[in-house]
Amino acid sequence: MKGWKPSAPFLLLLPAVIVLAAVVIVPLLLSLYSSFTPFRLTRPETFWTFIGVRNYLRLMQDREFWVAFGRTILLLTIALNLEMLLGLGLAMLVEKATRGQRALRTVMMFPMMFSPLLVGFQFKFMFNDNVGLVNNALQALGITDQAIPWLID
């Protein structure tokens, strides 16, 4: 490894890998570790008490867990299959249409185009200086006594 120099693709992918690790892998590993502890949010010191597989043994014997697990599997099976069949059917209908195919595709893309608009409106409402959630929370917590004009200044 003497004189090893990272390649350009490696350096370009490095920020994405770091963000992926910080946002996905680290919380996943912490969740896995916490499943081997008696951790409760109200008692944070219990995060460091290791109890082994006791949580999993208790879970395997819990009837309510198995009922909920079965319902989840049933719901996912039905929902995913129906979504796939509905999507495939709609795609076949759009492909079969001879007139207005471009207009039909455009209309079907509207929900995907509206999502960024709706998120923008939500942020505009949250940071509104008169009725915004952020200013109300900051004032309720006593952090500030005046509304901050987030979207102006």
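Cut-offs applied
- Residues numbered from 1 in each chain as written.
- Predicted model: local features only at pLDDT ≥ 70, side-chain atom pairs only at ≥ 80, totals over all residues.
- Heavy atoms only, no water.
- Phe/Tyr/Trp six-rings, centres within 6.5 Å; stacked < 30°, edge-to-face > 60°.
- Buried < 20%, exposed > 50% of the residue type's maximum accessible area, 1.4 Å probe, protein only.
- Helix = DSSP H or I, 4+ residues; strand = E, 2+ residues; numbered from the N terminus.
- Arc of directions from axis to C-beta.
- Contact = heavy atoms within 4.5 Å.
- pLDDT = per-residue confidence, 0-100.
- Axes fitted to C-alpha atoms, helices over the stretch in contact; angles between N-to-C directions.
- Parallel < 35°, antiparallel > 145°, perpendicular 65-115°, else oblique.
- Nonpolar A, V, L, I, M, F, W, Y, C, P; charged D, E, K, R; others polar.
- Polar contact = N/O pair within 3.5 Å; in protein donor to acceptor, adjacent residues only side chain to side chain.
- Patch = residues over 30% accessible without salt bridge, like charges linked within 9 Å, V, L, I, M, F, W, Y side chains within 5 Å.
- Areas by Shrake-Rupley, 256 points an atom, 1.4 Å probe, with all protein chains shown as cover.
- Salt bridge = Lys/Arg side-chain N within 4 Å of Asp/Glu carboxyl O.

## Description of the packing of aromatic side chains
A full pass over the atoms with the stated rule returns 13 aromatic pairs. Residues Trp4 and Phe10 carry aromatic rings whose centres are separated by 6.1 Å and whose planes lie at 70° to one another, so their mutual orientation is edge-to-face. Judged by relative accessible area, which is 40%, Phe10 ranks as partly exposed. Taken together, the ring pairs connect Tyr33, Phe39, Phe47 and Trp48 into an aromatic cluster.

## Focus on helix H5 (residues 133-140)
Helical geometry note: an α-helix holds 3.6 residues per turn, so side chains three or four residues apart project in the same direction. Inspection of H5 places Val134, Asn135 and Leu138 among the buried residues, and these make up the whole buried set. Projected down its long axis, H5 carries its buried residues within an arc of 95°, all on one side. Opposite the buried face of H5, by more than 90 degrees, sit the exposed residues Leu133 and Ala140. Looking at the packing, one finds that the buried side of H5 touches helix H4 (101-126).

## A look at the confidence of the model for the protein
For the protein, per-residue confidence averages 90 on the pLDDT scale, and 99% of positions sit at 70 or higher. When mean pLDDT is compared element by element in the protein, helix H2 (residues 54-60) scores highest at 94, while H4 scores lowest at 86.

## As for the packing of helix H3 (residues 63-96) against H4
In a packed pair of helices, the relevant descriptors are the angle between the two axes and the axis-to-axis distance. Interhelical geometry of H3 versus H4 gives an angle of 150° and a closest axis separation of 9 Å. Classed by the angle they form, the pair H3 and H4 counts as roughly antiparallel. Of the residues in H4, those touching H3 at Leu90, Val94 and Glu95 are Gln101, Leu104, Arg105 and Met108. Residues of the contact of H3 with H4, tallied by class, amount to 4 nonpolar, 1 polar and 2 charged.

## Structural notes on the side chain of Thr46
Checked against the element boundaries, Thr46 lands in the loop between helix H1 (8-34) and H2. Side-chain polar atoms of Thr46 contact the backbone nitrogen of Arg40, separated by 3.2 Å. Polar contacts involving the side chain of Thr46 include one to the main-chain carbonyl oxygen of Arg43, which spans 2.7 Å. In this view, Thr46 contacts Thr37, Pro38, Phe39 and Arg40; residues no more than four positions away in its chain are not counted.

## Focus: a nonpolar patch on the surface
A cluster of nonpolar side chains, contributed by Val19, Leu20, Val23, Val24, Ile25, Leu29, Leu32, Val53, Tyr56 and Leu57, occupies part of the molecular surface with about 900 Å² of accessible area. Elements supplying a minimum of two residues to the nonpolar patch: H1 and H2. Among the elements that make up the nonpolar patch, the one with the highest residue count is H1 (7 residues). Residue position: Leu57 is located in helix H2. Residue class for Leu57 comes out exposed when judged on its relative accessible area of 52%.

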